[in-house]
Amino acid sequence: MTTLSPYINFNGCCREAMTFYHHCLGGELSLQTVAGSVIEDECPASMQDQVLHAALLNGAIFIMASDMCGPGGFAPGSAVAISVNCSSEKEINTLYHRFAEGGEILDPLKTQFWGGMFGVVLDKFGVRWMFNFNKNELN
Amino acid sequence: MATVNPYLNFQDNTEEAFNFYKTVFGTEFSTIVRFKDSPIADKVAEADKEKIMHIALPIGNGNLLMATDMLSSMGQELRTGNNFSLSVTPESEEEALKFFNGLAEGGTIEAPFKKEFWGGFFGMILDRFGVRWMINYQPQS
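Residues numbered from 1 in each chain as written. Chains lettered and ligands numbered in written order. Predicted model: local features only at pLDDT ≥ 70, side-chain atom pairs only at ≥ 80, totals over all residues.

S.K.: Would you take a moment to explain the pairing of strand β7 (residues 121-126) of chain B for this structure?
M.R.: All names here are of chain B. Pairing of strand β6 (residues 108-115) with β7 involves five bridges; the strand directions are antiparallel. Of the residues in β7, the one forming a bridge with Lys-114 is Phe-122. The hairpin turn running from β6 into β7, its antiparallel successor, is five residues long, and Gly-119 in that turn takes a positive phi close to 95°. Sheet topology note: the β7/strand β8 (residues 132-137) ladder contains six bridges and is antiparallel. Each bridged residue has a counterpart across the sheet, and for Phe-122 the counterpart in β8 is Asn-136. Counted between consecutive antiparallel strands, the loop separating β7 from β8 contains five residues, among which Gly-130 sits at a positive phi close to 85°. (Pairing = 2+ DSSP bridges. Helix = DSSP H or I, 4+ residues; strand = E, 2+ residues; numbered from the N terminus.)

S.K.: Sorry, what's going on with the interface of chain B and chain A here?
M.R.: Put simply, an interface is often sized by how much accessible area is lost when its parts join up. At the junction of the two partners, chain B supplies 36 residues and chain A supplies 36 residues. Elements with a contribution of two residues or more to the side of chain B that touches chain A: β1 (3-11), β4 (63-70) and β5 (84-89) of chain B. Considered class by class, the residues forming the side of chain B that touches chain A number 18 nonpolar, 15 polar and three charged. The pairing of strand β5 (residues 80-85) of chain A with β1 of chain B spans six bridges and is antiparallel. Within the sheet, the bridge partner assigned to Ala-81 of chain A lies in β1 of chain B and is Tyr-7 of chain B. (Contact = placed C-beta atoms within 7 Å. Nonpolar A, V, L, I, M, F, W, Y, C, P; charged D, E, K, R; others polar.)

S.K.: Help me out: how do you make sense of the domain arrangement of chain A in this one?
M.R.: All names here are of chain A. If you check the domain split of chain A, you get domain 1 (7-66) and domain 2 (82-138). Put simply, the middle of domain 1 and the middle of domain 2, counted by C-alpha atoms, are 24 Å apart. Each side of the interface is counted separately: domain 1 has five residues, and domain 2 has five residues. Of the residues in the side of domain 1 that touches domain 2, the class split is five nonpolar, no polar and no charged. (Domains from an automatic or database assignment.)

S.K.: Looking at this structure, I do not really get the nonpolar core. What am I missing?
M.R.: Across soluble globular proteins, you tend to see nonpolar side chains buried next to one another. By size, the foremost hydrophobic cluster in this structure holds 76 residues, and its most contacted members are Ala-65, Val-84, Trp-129 and Phe-131 of chain A together with Ile-135 of chain B. Take this core: its biggest share by element is six residues, from helix α1 (residues 14-25) of chain A. Leaving out residues up to four positions away in the same chain, Ile-135 of chain B has contacts with Val-88, Pro-90, Ala-96, Phe-99, Phe-100, Phe-113, Phe-122 and Gly-123 of chain B. (Core = buried A, V, L, I, M, F, W, Y, C linked by C-beta atoms within 7 Å. Buried ≥ 20, exposed ≤ 12 C-beta atoms within 10 Å, placed from the backbone.)

S.K.: Just to check I follow, could you spell out α1 of chain A for this structure?
M.R.: Structurally, the α-helix is built with 3.6 residues per turn, so residues lying three or four positions apart point the same way. Residues and elements named next belong to chain A. Counted at 1.5 Å a residue, the expected span for α1 with its 12 residues is 16 Å, and the 16 Å between its end C-alpha atoms agrees. Within α1, the full set of buried residues consists of Cys-14, Ala-17, Met-18, Phe-20, Tyr-21 and Leu-25. Projected onto a plane normal to the axis of α1, the buried residues spread over an arc of 155° and lie on a single side. Exposed side chains of α1 directed beyond 90 degrees from the buried face belong to Glu-16 and His-23. Contacts from the buried residues of α1 go to β2 (28-33), β3 (51-58) and β4 (61-66). Gly-26 lies just past α1 and shows a positive phi near 75°. (Expected span 1.5 Å × (residues − 1). Arc of directions from axis to C-beta.)

S.K.: Whenever I open this one, the sheet that holds β5 of chain A confuses me. Can you help?
M.R.: Strand pairing in a sheet relies on backbone hydrogen bonds, with the paired strands running either antiparallel or parallel. Spatial ordering of the open sheet is given by β6(A)-β7(A)-β8(A)-β5(A)-β1(B)-β4(B)-β3(B)-β2(B), a layout of eight strands whose pairing is mixed. Of all the strands in the sheet, just β6 (104-111) of chain A together with β2 (31-34) of chain B have a single pairing partner and so form its edges. The mean angle between the axes of side-by-side strands here comes to 20°, regardless of whether they run parallel or antiparallel. Here strand β3 (residues 52-59) of chain B runs beside β4 of chain B; their pairing, made up of five bridges, is antiparallel. Following the sheet pairing, Pro-58 of chain B is matched in β4 of chain B by Leu-64 of chain B. The sheet strands contacting helix α1 (residues 14-25) of chain B are β1, β3 and β4 of chain B, and the helix crosses β3 of chain B at an angle near 10°. (Axes fitted to C-alpha atoms, helices over the stretch in contact; angles between N-to-C directions.)

Structure below.
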């Protein structure tokens, strides 16, 4: 089955960010540092502890990330957010508050005009998370 | 259990981008809401009423690619960066090539689609709408 997943680039804080997401979402986190990888010898000492590739898997949740960025360096943009579709009111409340720890609430969690609960958080690593739970879909 | 999906922002051209993604992935929009049909219709400039407030394109059996238009008339400006890519894992090498070639049309190939050291096939594209895609295909051993 074809799947679509977000791949996030960080600027040296990939381990910290993915550890935080692991705390928020649970599941299994794997982290591959530059040291011990096939590009180890090509990279300076300052990069050895950086994350080459990280993956967080929990059921249908699959998020990947890295500290590696292109030749132009790291440039944070606003083109992509991660939408979290929750399966219960309890779950949306829990996830929303966990992700908001140390971050900024852009849109407080509440029931919206379409009948679903929705809220947006900019987490402490600069990633935007949109939480939604559509009560009507359960009917 | 929650699911996660990428949500994109475009500067006024969501519909054009999604018409393109629809042809690449071969699926139909599951939702399309224009500003004129939303509760904030009265607050939106006349020229923006047809713009997209929310659109969703199913990919595979469980994922949704979603997006909205940033409206210049409301002071919303998109910041283009390189902090996100969309990773697609197709079902077969054939499908992987179809997606790769489709997304590459008018875009820039950043890594040609080929077999990598980890045994999987991989390619990367910056598409003509500024979205970066990774196509990953792992043959079953």
